[in-house]
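A look at the structure
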Amino acid sequence: MFKNIFTLIAFMQIVVFSNNCYLNKDDLFKKGDHEQVKRNEILELVLFTQYTLSAYLNSAELYDPNSNSFELLPSNIGAVRINHTATSLQDGRILITGGYNGVDGALSDATIYDPGTKVFTKVGNMNFKRNFHTATLLPDGTVLILGGSCSAGSVPIGEAEIFNPSNGTFSIVGNLNIPRCYNESILLNNGKVLIVGGERLDQSGIVASEIYDPIAKSFSASGNLARSRRSFGLVKKSDGTPFVIGGYITQSNLVIAYTETYNTGTGLFSTGAQMNSYRRFFGVNLLGNNKILINGGSGSISYDSNELYDPVGDSFAVLNSKLTVARSIHTSTLLNDGRVIVVGGHEYETVWPKTDIFNPTTNTNIQGPDLHVPRYGHTANILPNGQVLIVGGRGRFL
């Protein structure tokens, strides 16, 4: 596509990560120290840049449940990104780490959102570029960041690091026993962190789990899953027991419905009920009635269905009420009043601005307000004031 080195230099110079990435071609025809690039090559370059970079978003929105509306924030998140993490800190701020921007691959940069000022501020860089990683808030207020990459042939990262919000620094804290990407992590009630699932570079699944001890600052092996998986759900039941749901086995090209429960006393997993549909990339929430909501996701197709897990009977029931649209790679966030807002996602090549609001009292969905920007692969965090912060993602399915 690029016919000479000067076209490539121009491409590198005009990669500007803005919300829409629309460029004025007249701004590009300025003489510099290098040969002026031919007009047809520049026009070709502009179209390519607009199409590719505008797919990735650096915008953010706020959902206000009181007004039932979204506000597009004037401050951008610093870099376009998808597959990033967003962690709620103890002081109410949100830490955003890593992700993928479609050009440079995985990112190392980190940004903090302040809900008081509605401004994003860059706080530094992780020691490694990561996407498909996890970031877990620890009891002392620091954040454990581990795993990640594996996209585009990137090796999984074994080194873990700690973010200290008091001074904005990242420090290496140890190594996973098995480097992994596409993993999930969850804080246990005893203050330790359970690391589950994921893949190696060759896409072979990992059944071995690990425990991080923040006091000893060390990783130790724990029990094995019955089935390896990625793109799955990990949530704590009301008693604090980790619950592993569904997911995908890459090497077998198999979407699964199986669940497993982790026993924090023995460190072992036990298999349980199956969902009624094979799902990956779905939303999952522990509700106030101790049941677990599963919404959307995909198997061979994207789903508009909801399932409710009852831990008393260890069973799933399909709800009559459906989502407004079939969607996957969306977010599902528990609001302070017990309802759940389901945001964005995609179905095949359609990226949705649509939202749904689930009422656990009636087990029904109603259509919510549209996002300003359609997106999937974004993050969603509840803020201290009850609003929901939506960050990044991708606005076009390529």
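Everything numeric here is computed off the predicted structure, so don't read it as measured data.

Broken down by element type, the protein chain carries two helices and 30 strands. Long-range pairs, those at least 24 residues apart, make up 50% of the contacts in the protein chain between residues at least 6 apart in sequence. About 16700 Å² of surface is accessible on the protein chain, with carbon and sulfur atoms providing 49% of the total.

Okay, the pairing of strand β1 (residues 60–64) next. Along β1, four of the five residues are buried, which leaves the element largely enclosed by surrounding structure. Two strands pair when backbone bridges link them, and β1 and strand β30 (residues 388–391) are joined in this way by four bridges, in the antiparallel orientation. Paired with leucine 62 across the strands is leucine 389, a residue of β30. Pairing between β1 and strand β2 (residues 69–72): four bridges, direction antiparallel. Of the residues in β2, the one forming a bridge with tyrosine 63 is phenylalanine 70. In sequence, β1 turns back onto β2 through a hairpin of four residues, with asparagine 68 there showing a positive phi of about 50 degrees.

Residue position: arginine 230 is located in the loop between β14 (218–224) and β15 (233–236). Here arginine 230 falls in the buried class, since its relative accessible area comes to 12%. Put simply, arginine 230 and valine 196 are 34 residues apart on the chain and 9.1 Å apart in space, counted from C-alpha to C-alpha. Other than its neighbours up to four places away in sequence, arginine 230 contacts Tyr182, Glu199, Gly247, Tyr248, Thr250 and Phe281.

Strand order in this open sheet of four strands is β15-β16-β17-β18, and the pairing throughout is antiparallel. The sheet terminates laterally at β15 and β18 (268–274), the two strands that pair on one side only. Direction aside, neighbouring strands of the sheet carry axes that sit 25 degrees apart on average. With four bridges connecting them, β15 and strand β16 (residues 242–249) associate as antiparallel partners. Bridge pairing in β16 places leucine 234 opposite valine 244.

Another aspect to go through is the pattern of salt bridges. Once the charged atoms of two side chains with opposite charge are near each other, the side chains can pair. Following the criterion strictly, the structure yields 12 salt bridges and no others. Salt-bridge contacts for glutamate 260 lead to arginine 229; the nearest nitrogen and oxygen are separated by 2.8 Å. Of this pair, glutamate 260 sits in strand β17 (residues 254–263) while arginine 229 sits in the loop between β14 and β15, placing them 31 residues apart in sequence. Note on accessibility: glutamate 260 and arginine 229 belong to one class, buried.

Strand order across the open sheet formed by four strands is β2-β1-β30-β29, with antiparallel pairing between neighbours. Bordering the open sheet on either side are β2 and β29 (379–382), each of which pairs with just one other strand. Recorded for the sheet is a direction-independent mean angle of 25 degrees between the axes of neighbouring strands.

With that settled, the discussion passes to the state of the cysteines. Within the structure shown, the criterion is met by one disulfide. In this model cysteine 150 forms its disulfide with cysteine 181; the gap between the sulfur atoms is 2.1 Å. Here the S-S torsion is close to -90 degrees, and the disulfide linking cysteine 150 with cysteine 181 is therefore left-handed. Highlighted residues: cysteine 150 in the loop between β8 (143–146) and β9 (159–164) and cysteine 181 in the loop between β10 (169–175) and β11 (184–187), separated in sequence by 31 residues. One exposure class covers both cysteine 150 and cysteine 181, and it is buried.

In the Ramachandran plot, isoleucine 329 falls in the positive-phi region, its phi being about 55 degrees despite a non-glycine side chain. Among the secondary structure elements, isoleucine 329 is positioned in the loop between β22 (315–318) and β23 (331–334). Phi at asparagine 363 takes a positive value of approximately 55 degrees, unusual for a residue other than glycine. Following the sequence through the fold, asparagine 363 ends up in the loop between β27 (355–359) and β28 (364–367).

What follows is about the packing of aromatic side chains. The tally for this structure, following the rule as stated, stands at nine aromatic pairs. Between the aromatic rings of tyrosine 113 and phenylalanine 120, the centroid separation amounts to 4.8 Å while the plane-to-plane angle is 45 degrees, which identifies the pairing as tilted. Like tyrosine 113, the residue phenylalanine 120 is buried in the burial classification. When the centroid spacing of 4.3 Å and the interplanar angle of 40 degrees are considered together, the rings of phenylalanine 132 and tyrosine 182 count as tilted. Note that phenylalanine 132 is positioned in the loop between β6 (119–130) and β7 (134–137) and tyrosine 182 in the loop between β10 and β11, a separation of 50 residues in sequence. Stacked on the ring of tyrosine 182, the Lys or Arg arginine 230 has its end atom at 3.7 Å from the ring centre. One cation-aromatic arrangement involves lysine 237 over phenylalanine 243; the distance from NZ or CZ to the ring centre is 4.7 Å.

What follows is about the confidence of the model for the protein chain. Low pLDDT marks stretches whose predicted atomic positions should not be read closely. Here the protein chain shows a mean pLDDT of 88. Residues at 70 or above account for 86%. Every residue in residues 1–53 scores below 50 in pLDDT, and together they form 62 contacts with partners more than four places removed in sequence or on other chains.

Each value, and the rule that gives it
Just so you know, the residues in each chain are numbered from 1, in the order the chain's sequence is written. Only residues with pLDDT of 70 or above have their local features reported here, since the model is predicted, and side-chain atom pairs are shown and tallied only from 80 upward, although totals for entire chains, interfaces and linings are computed over all residues. The basis for every side-chain value is the complete set of non-hydrogen atoms in the structure, without hydrogens or water. Secondary structure follows DSSP: runs of H or I at least 4 residues long count as helices, runs of E at least 2 residues long count as strands, and numbering of each begins at the N terminus. In this analysis, two residues are considered to be in contact whenever any of their non-hydrogen atoms come within 4.5 Å of each other. Surface accessibility follows the Shrake-Rupley procedure with a 1.4 Å probe radius. Residue values consider only the protein chains on display as shielding. Burial here depends on accessible area, computed with a 1.4 Å probe over protein chains only, as a share of the maximum for the residue type. Under 20% is buried, over 50% is exposed, and the range in between is partly exposed. In this analysis, strands are considered paired if DSSP registers two or more bridges between them. Note on geometry: axes are lines fitted to C-alpha atoms, helical ones only across the stretch in contact, with angles between N-to-C directions running from 0 to 180 degrees. Whenever a carboxyl oxygen of Asp or Glu lies within 4 Å of a side-chain nitrogen of Lys or Arg, that contact is scored as a salt bridge. Cysteine sulfur atoms that pair up within 2.5 Å are treated as a disulfide. A pair of Phe, Tyr and Trp rings is counted when the ring centres sit within 6.5 Å of each other, with Trp represented by its six-membered ring. The angle between the planes then sorts it: under 30 degrees is stacked, over 60 is edge-to-face, the rest tilted. To sit over a ring, a charge needs its Lys NZ or Arg CZ within 6 Å of the ring centre and within 35 degrees of the ring normal. Every residue is assigned a pLDDT by the predictor, reflecting its confidence on a scale from 0 to 100.

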